Amino acid sequence: MINKVYDSFDEAVTDVPDGAVIMMGNFAGPGGFPLNLCRAINAKGVKNLTIIANTAGGVGLTVDFDDHRTLFENKQVKKVIAAFPFSTSPSRPTPCEKQILAGEVELEIVPQGTLAERIRAAGYGIGAFYTPTGVGTVVEKGKEKRTINGREMLLEYALKADYAFVRAYKADKLGNLIYRGTARQFNPVMATAARVTIAEVDEIVELGQLEPEAIVTPGIFVQRIVKITKDEGFPRHLERSFWVRPGS
Amino acid sequence: METRLTRELMAMRIAQELFDGAIVNLGIGIPTLVSSYIPEGMTIIFHTQNGALGFGPVVTADELEEKADIDLINAGGQYVTPLPGMCFFHHGDSFGMIRGGHVDITVLGALQVSEKGDLANWMFPERGVGNIGGGMDLAVGVKKVIAATEHVTKKGDFKIVKECNFPLTGKECVDLVVTDIAVIEITAKGLLLREVAPGWTPEDVQKLTEPRLNIAPDIKEIQF
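Everything in this summary refers to the structure shown in the same document. All values reported here derive from a predicted model rather than from experimental measurement.

### Overview of the overall build of chain B
- The secondary structure content of chain B amounts to six helices and 13 strands.
- Over its C-alpha atoms chain B spans a radius of gyration of 18 Å, differing by no more than 12% from the 17 Å that the globule rule assigns to 224 residues.
- Its C-alpha atoms give chain B principal-axis dimensions of roughly 50 × 40 × 30 Å.
- With 224 residues in all, chain B has 48% of them scored as buried.
- When contacts within chain B are restricted to residue pairs at least 6 apart in sequence, those whose partners lie at least 24 apart make up 64%.

Right under this line is the structure:
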């Protein structure tokens, strides 16, 4: 009997140790961000974390909310691997920015496409790959460069994590996941690339309630599922569909 | 002092580069304005790096209550509207589309553009830090890269330069530069001045451009 469902977020993160490497879905706002898993880690207080995400927290462009900025505020982070780590307003630095500039947190900055592909490679057993992104820029430093089919490319290595905190829309009890709109972003690639993937979802449904054709993340990648029960503090419209039929 | 084009007029000129059925990714700022000036009857498929193709216009202030949804945003964090034929995909696919040469046009901001088409747009050296985001992937992957920028900085420093001294986003990646006074094509033979803003001469534009400009034989005024 397979049961991946956990009753609470705190229970789902019980075994996360100090020094864990954690990936989180994240892009410009709360859509697709594992808010409750992040809160649970913040409450747990584990330290010396390596966080892999698009931003380093505090760079929410849609609504203001407690993203992984809280982990930096609470001095839980040792290293961050991100594509967009700094505030867009130099006059309003984020907690992470201050810690990076003070040498308290180590930053590895990675172009966003390279970040997605490094994570995907880790999930799919690819050791490393060549990409043209970053040739001739600071990103090139220390990396092997090769000309392939007449184009210079950089060697980039797979990037995996201990835990992937994934935000999805619905999960069935096998961990098959579907997403909603642009909240999908990094989540499906991150779901493949960690030893333990925990999915934070709006709804958990019975087997057979998700159409096989519609499943985006096969449950093979998912180890734990937790349903969101608390109001998140900003408007959700799950009753609205983004599917515009012809003639409407 | 000659009048320079407003951001809206620059966006209007950039929109002339679009073609029917084009797949277009727009950066934040002036680039976003381009979506307001799509020619009548032309179908443009917008791509956003955070995983949507074929979405519609940005939700206006009066529509927020009815239409804004945190699960439907563009890369600039603006709420957008759904259209028939829209699709969603994850980041691996999104950047696969970008890096794999499937997106036709991108319009990006620029801090500097060099004579060879090098682009610098992610970090001010004096800040010491910056955000790369998706810019480096867009610069190398998209078929046509259009840089939209004021021609010189507020202090009057060159932005179109012989060599960028700001950290690069990409090498030899810009195809066209549209500024508030000119339209310049990057060619194998150097910069080619194609159009000037109304009231500006090629000499005026050269004074504000560090590398030598080749003047197109059919050079004309920017038309709207």
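### Digging into the overall build of chain A
- A count of helical and extended segments in chain A gives six helices and twelve strands.
- By principal-axis analysis of the C-alpha atoms, chain A measures approximately 50 × 45 × 45 Å.
- Classification of the 248 residues of chain A by burial places 50% in the buried group.

### Observations regarding the nonpolar core
- Among the nonpolar cores identified, the biggest contains 132 residues, and M23, A164, F165 and M190 of chain A together with A147 of chain B are the most heavily contacted of them.
- When residues in this core are grouped by element, the largest group, eight residues, is from strand β9 (residues 161-172) of chain A.
- Sequence-distant contacts of A164 of chain A, defined by excluding residues within four places in its chain, comprise M23, M190, A191, A193, A194 and T197 of chain A.

### Observations regarding helix α1 (residues 7-15) of chain B
- Residues of α1 of chain B that are buried include every one of M10, A11, R13, I14 and A15 of chain B, and no others.
- Those residues of α1 of chain B that are buried lie in contact with α2 (30-33), β5 (105-109), β8 (144-148), β10 (176-178) and β11 (182-187) of chain B.

### Looking at the packing of helix α5 (residues 112-123) of chain A against helix α4 (residues 91-99) of chain B
- The N-to-C vectors of α5 of chain A and α4 of chain B enclose an angle of 125°; their axes lie 9 Å apart at closest approach. Accordingly, the angle class assigned to the pair α5 of chain A and α4 of chain B is oblique. At the point where α5 of chain A passes α4 of chain B, the crossing takes the left-handed sense. Between α5 of chain A and α4 of chain B, the contacting residues are Q112, G113, A116, E117 and R120 of chain A on the first element and H91, G92, F95, I98 and R99 of chain B on the second.

### Concerning the pairing of strand β13 (residues 214-221) of chain B
All names here are of chain B.
- Where burial is concerned, little of β13 is hidden: zero out of the eight residues are buried.
- Taken together, the four bridges between strand β12 (residues 190-196) and β13 define a ladder with parallel strand orientation. Its bridge partner lying in β13, V196 is registered against E221.
- After leaving β12, the chain enters helix α6 (residues 202-207) and then returns to the sheet as β13, a path that is right-handed.

### Notes on the environment of R69 of chain A
Residue and element names in this part refer to chain A.
- Looking at where R69 falls in the secondary structure, it is placed in helix α3 (residues 69-73).
- Measuring from C-alpha to C-alpha, the distance between R69 and R92 comes to 13 Å, with 23 residues separating the pair along the chain.
- If we skip the residues at most four places from it in the chain, R69 touches G57, G58, T94, P95 and C96.

### Considerations on helix α2 (residues 35-44) of chain A
Residue and element names in this part refer to chain A.
- Among all positions of α2, only L35, N36, L37, C38, A40 and I41 are buried.
- Those residues of α2 that are buried lie in contact with α1 (9-12), β2 (21-24), α3, β9 and β11 (194-205).
- After α2 finishes, the residue G45 shows a positive phi value of roughly 80°.

### What to know about the pairing of β12 of chain B
All names here are of chain B.
- As paired strands, β11 and β12 are joined by six bridges and run antiparallel to one another. Looking at the pairing, I184 lines up with L193 of β12.
- Counted between consecutive antiparallel strands, the loop separating β11 from β12 contains two residues.

### What about the sheet that holds β8 of chain B?
All names here are of chain B.
- Reading across the sheet, the ten strands line up as β4-β3-β2-β1-β5-β8-β10-β11-β12-β13 and stay open at both edges, with mixed pairing between neighbours. Both outer strands of the open sheet, β4 (87-88) and β13, are each paired with one neighbouring strand and no more.
- Judged from the five bridges that link them, β5 and β8 form a sheet pairing that is parallel. Its bridge partner being in β8, L108 is matched across the sheet by A147.

What counts, and where the lines are drawn
- Residues numbered from 1 in each chain as written.
- Chains lettered and ligands numbered in written order.
- Predicted model: local features only at pLDDT ≥ 70, side-chain atom pairs only at ≥ 80, totals over all residues.
- Helix = DSSP H or I, 4+ residues; strand = E, 2+ residues; numbered from the N terminus.
- Rg over C-alpha atoms; globule rule 2.2 N^0.38 Å.
- Buried ≥ 20, exposed ≤ 12 C-beta atoms within 10 Å, placed from the backbone.
- Contact = placed C-beta atoms within 7 Å.
- Core = buried A, V, L, I, M, F, W, Y, C linked by C-beta atoms within 7 Å.
- Axes fitted to C-alpha atoms, helices over the stretch in contact; angles between N-to-C directions.
- Parallel < 35°, antiparallel > 145°, perpendicular 65-115°, else oblique.
- Left-handed = near helix turned anticlockwise from the far one by under 90°.
- Pairing = 2+ DSSP bridges.
- Right-handed = clockwise from strand over helix to strand, strands pointing away.

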